[in-house]
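As a plain string of letters, each chain reads:
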Amino acid sequence: MNATFDLTSRLSQILFEHDPMGTCCRENDLFDEYDRIALELAERLEAGGTPDVALNAVLREWFGDELVERADLAGVIKALESVGTRTGGSP
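Presented here is an overview of the structure given in this document. In this numbering scheme, every chain counts its residues from 1 along its sequence in written order. Given that the model is predicted, a residue must reach a pLDDT of at least 70 before its local features are reported, and side-chain atom pairs must reach 80 or more before they are shown or counted; all residues, however, enter totals for whole chains, interfaces and linings. Think of the side-chain values as coming from all heavy atoms in the structure, minus any hydrogens and water.

**Some points on the overall build of the protein chain**
Rules: Comment: elements are numbered from the N terminus, with helices defined as DSSP H or I runs of at least four residues and strands as E runs of at least two. Radius of gyration here uses only the C-alpha atoms, and the compact-globule reference equals 2.2 Å multiplied by the residue count raised to the power 0.38. Any two residues whose heavy atoms approach within 4.5 Å are treated as being in contact. Each accessible area is a Shrake-Rupley result for a 1.4 Å probe, and residues are judged covered by the shown protein chains and nothing else. Within this scheme the basic residues Lys and Arg register as positive and the acidic residues Asp and Glu register as negative, but His and the chain ends are omitted. Charge placement uses NZ in Lys and CZ in Arg. For Asp and Glu, CG and CD serve respectively.
Assigned secondary structure in the protein chain consists of 5 helices and 0 strands. Its helices and strands in sequence order give the protein chain the pattern α-α-α-α-α, from N to C terminus. For 91 residues, the compact-globule formula gives about 12 Å, and the C-alpha radius of gyration of the protein chain, at 12 Å, lands near that figure. Once the C-alpha set of the protein chain is aligned to its principal axes, its extents read approximately 30 × 30 × 20 Å. Restricting the contact set of the protein chain to residue pairs at least 6 apart, pairs at least 24 apart contribute 55%. When the accessible surface of the protein chain is split by element, carbon and sulfur atoms take 49% of a total near 5300 Å². If the 8 positive side-chain charges of the protein chain are averaged to one point and the 18 negative ones to another, these points end up 4 Å apart.

**What to know about helix H2 (residues 35–46)**
This is how the line gets drawn: Helix span, expected: 1.5 Å multiplied by one less than the number of residues in the helix. Burial classes: relative accessible area under 20% of the type maximum marks a residue as buried, over 50% as exposed, and values in between as partly exposed (1.4 Å probe, protein chains only). Think of it as the arc spanned by the lines of direction from the helix axis to the C-beta atoms.
When the terminal C-alpha atoms of H2 are compared, their 16 Å separation across 12 residues agrees well with the 16 Å that a helix rising 1.5 Å per residue should span. Ile37, Ala38, Leu41, Ala42 and Leu45 are the residues of H2 that are buried. What you see down the axis of H2 is that its buried residues fit within an arc of 135°, all on one side. Buried residues along H2 sit against helix H1 (3–18), helix H3 (51–63) and helix H5 (74–81).

Here it is as structure tokens:
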């Protein structure tokens, strides 16, 4: 397995666990709900993006500004720190 696949899998798991956009993926056992978002997030992180900025950008592309502004992303960003990424910057 390559590093991008490993990172993407971990990010998808984090997003599934936190369900920051309230898709009800946990309640419906939709384990792959955030896979495509996780892939884009992994690409941004590997390119040097910070978790908070990258997460905001990717979620805004998928869900729009209004929904992301209402989302509580603090728990997701904290979890991203556990995969060895850094935080900083502004969305």
